[in-house]
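Coordinate analysis (summary)
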Amino acid sequence: MKKRNMGLAYGIIAAISYGTNPLFALPLYAGGIGVNSVLFYRYLFAVLIYGLWLKFVKKTSFKVKKEAVLPLFFLGILFSLSSLLLFEGFKLIDAGIACTILFTYPVIVALIMGIFFGEKVNKTLIFSLILTSLGIVLLCKYDSALRINLNGVFFVLVSSFCYALYMVGVQKIKSLRHIKPNLLSFYVMLFGLLVYIYNLKFCTELQILSSPFLWLCAAALAVIPTILSIETITYAIKLIGSTKTALLGSFEPLTALFIGIVIFNETLNARIVFGVILILLGVGLVVMNSPAKKA
């Protein structure tokens with residue numbers, strides 16, 4: 001019971017912390033910083049801060065077995081691509097709506113577990129897919145910018161798919177099962193950084209942050225929705241499994257919607273509320289009807 005409760009607590013913290021992405025990313029966008037530069041600073045600061053903490057506070061050894069390096073690289077790229085596509089989505093659709101669409105990842109997790117790991121794909125899952133699809137349609141804006149908004153929806157859906165693959169990988173890749181969660185988190189961030197180094201042509205196109213406020217936003221982006229989120233979600237997956245952890249992700253879009261509406265004055269109307277409800281209901285049905293998983 002204690003193990004389960006700790007897993008639930010970690011899952012809730014992970015979801016809420018990841019939902020704060022817009023709080024720190026949108027001011028950087030407003031300051032003229034591009035997506036790849038924003039994410040470069042996010043991952044660079046996360047690697048430096050977390051690495052120093054592991055080395056000098058936790059006295060952690062960074063050694064891993066050779067067979068774990070490639071899976072860690074794969075998970076780092078997946079997590080980083082999920083961040084990149086989500087942040088691209090922030091530029092095209094409201095951040096709160098983007099994070100709600102991202103929350104379709106528990107359905108994708110259930111599908112992957114059903115198709116590749118023998119979990120039953122039942123009528124509940126099919127009904128959930130219908131509900132979440134309808135919810136996503138309602139979140140799209142029907143105006144002259146339909147094409148752009150659909151691009152944003154597409155980016156976030158692919159981000160959700162990458163995030164789902166990451167969650168399943170953490171639980172199912174055998175060579176990673178004996179790696180400590182904090183060490184796994186560090187290497188995910190380290191390898192994820194490579195995506196932005198490459199995109200920025202080895203930092204020759206990196207934009208410099210022009211004010212202390214922007215540096216503060218970048219540092220907060222590294223600590224709260226990156227270090228804290230990756231660390232706690234890794235512990236949650238290992239304690240209660242990827243499916244149950246996915247259910248707790250419902251706190252993420254709610255956090256992002258709250259931030260978007262209260263701080264950034266994003267739109268809230270009956271259509272958006274109904275769309276959000278459909279997505280949360282659809283995902284909740286899947287996870288609540290999923291069998292318990294061993295950590």
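Just so it is clear, the model here is predicted, and its values are computed rather than measured. (Residues numbered from 1 in each chain as written. Predicted model: local features only at pLDDT ≥ 70, side-chain atom pairs only at ≥ 80, totals over all residues. Heavy atoms only, no water.)

Let's talk about the environment of Lys244
With respect to the helices and strands, the residue Lys244 is situated in helix H11 (residues 242–248). Taking the C-alpha atoms as reference, Lys244 lies 8.6 Å from Gly11; in sequence the two are 233 residues apart. (Helix = DSSP H or I, 4+ residues; strand = E, 2+ residues; numbered from the N terminus.)

Looking at helix H2 (residues 21–30)
Quick reminder: α-helices carry 3.6 residues per turn. Residues three or four places apart thus point the same way. A large share of H2 lies buried, amounting to eight of its ten residues. Within H2, the full set of buried residues consists of Asn21, Pro22, Phe24, Ala25, Leu26, Pro27, Leu28 and Tyr29. Buried residues along H2 sit in contact with helix H1 (2–18), helix H3 (35–57), helix H4 (66–90), helix H5 (95–102), helix H10 (212–240) and helix H12 (251–262). One or two positions beyond H2, positive phi appears at Gly32, with a value near 85°. (Buried < 20%, exposed > 50% of the residue type's maximum accessible area, 1.4 Å probe, protein only. Contact = heavy atoms within 4.5 Å.)

Thoughts on the packing of H1 against H12
The relative placement of two packed helices is expressed as an angle between their axes plus a distance between the axes. The contact between H1 and H12 brings their axes to 7 Å, and the two run at 30°. The crossing of H1 and H12 is right-handed. Residues Ile12, Ala15, Ile16 and Tyr18 of H1 touch H12, and the partners they reach there are Phe251, Glu252 and Thr255. Residue composition of the contact of H1 with H12, grouped by class: five nonpolar, one polar and one charged. (Axes fitted to C-alpha atoms, helices over the stretch in contact; angles between N-to-C directions. Left-handed = near helix turned anticlockwise from the far one by under 90°. Nonpolar A, V, L, I, M, F, W, Y, C, P; charged D, E, K, R; others polar.)

Details of unusual backbone geometry
One non-glycine residue, Lys59, lies in positive phi territory at about 55°. Mapped onto the elements, Lys59 comes out in the loop between H3 and H4. Even without a glycine there, the phi angle at Phe202 is positive, about 55°. Looking at the element boundaries, Phe202 is found in the loop between helix H9 (181–199) and H10. By relative accessible area, which is 64% here, Phe202 ends up exposed.

Side note on the layout of surface pockets
As a volume, the largest pocket reaches approximately 330 Å³. For the largest pocket, the lining is made up of 16 residues, of which Lys63, Val64, His178, Ile179 and Lys180 are closest to its centre. Of the residues in the lining of the largest pocket, the class split is four nonpolar, five polar and seven charged. (1 Å grid on protein atoms, 1.4 Å probe; cavity = no way out; pocket = protein on both sides within 12 Å on 5 of 7 lines; lining within 4 Å. Points joined across faces, edges and corners; volume = space filled by probe spheres on them.)

Some remarks on the pattern of salt bridges
Opposite charge on two side chains permits pairing when their charged atoms draw close. Applying the stated rule across the entire model yields one salt bridge. Lys201 serves as the salt-bridge partner of Glu205, at 3.4 Å between the closest nitrogen and oxygen. (Salt bridge = Lys/Arg side-chain N within 4 Å of Asp/Glu carboxyl O.)

Examining the packing of aromatic side chains
The full count for this structure, using the stated rule, is 20 aromatic pairs. Relative to Tyr163, the ring of Tyr18 lies with its centre 5.5 Å away and its plane at 10°, an arrangement referred to as stacked. Within this pair, whereas Tyr18 is found in helix H1, its partner Tyr163 is found in helix H8 (residues 146–172), the two being separated by 145 residues in sequence. The residues Tyr18 and Tyr163 share a single accessibility class, namely buried. By the ring-pair criterion, three or more aromatic residues cluster together here, those being Tyr18, Phe79, Tyr105, Tyr163 and Tyr166. (Phe/Tyr/Trp six-rings, centres within 6.5 Å; stacked < 30°, edge-to-face > 60°.)

Looking at the nonpolar core
A general tendency of soluble globular proteins is for nonpolar side chains to be buried together. Ranked by internal contacts, the top residues of the largest apolar core, which has 83 residues, are Phe87, Phe90, Tyr166 and Met167. If one sorts the elements of this core by residue count, H3 sits on top with eleven residues. In this structure, Phe87 is in contact with Asn21, Ala25, Tyr29, Val35, Val38, Leu39, Arg42 and Leu221, ignoring residues within four places of it in sequence. (Core = buried A, V, L, I, M, F, W, Y, C linked by side-chain atoms within 4.5 Å.)

Let's talk about empty space enclosed by the protein
Unfilled space is identified by rolling a water-sized probe across the atoms. Under the counting rule described, the total for this entry stands at two cavities of 30 Å³ or more. What lines the largest cavity is a set of 13 residues, among which Gly11, Ala15, Tyr105, Ile233 and Gly249 lie closest to the centre. Those elements that provide at least two residues to the lining of the largest cavity are H1, H8 and H11. With four residues, H1 is the largest single contributor of residues to the lining of the largest cavity. Split into classes, the residues belonging to the lining of the largest cavity amount to nine nonpolar, three polar and one charged. Taken as a whole, the second largest cavity spans an internal volume of roughly 30 Å³. Lining the second largest cavity are Asp94, Gly96, Ile97, Leu257, Ile261, Glu266 and Thr267. Among the residues making up the lining of the second largest cavity, the classes are represented as three nonpolar, two polar and two charged.

A closer look at the confidence of the model for the chain
With 92% of its residues at a pLDDT of at least 70, the chain reaches an overall mean of 86. Ranking the elements of the chain by mean pLDDT puts H11 last with 75 and H3 first with 95. (pLDDT = per-residue confidence, 0-100.)

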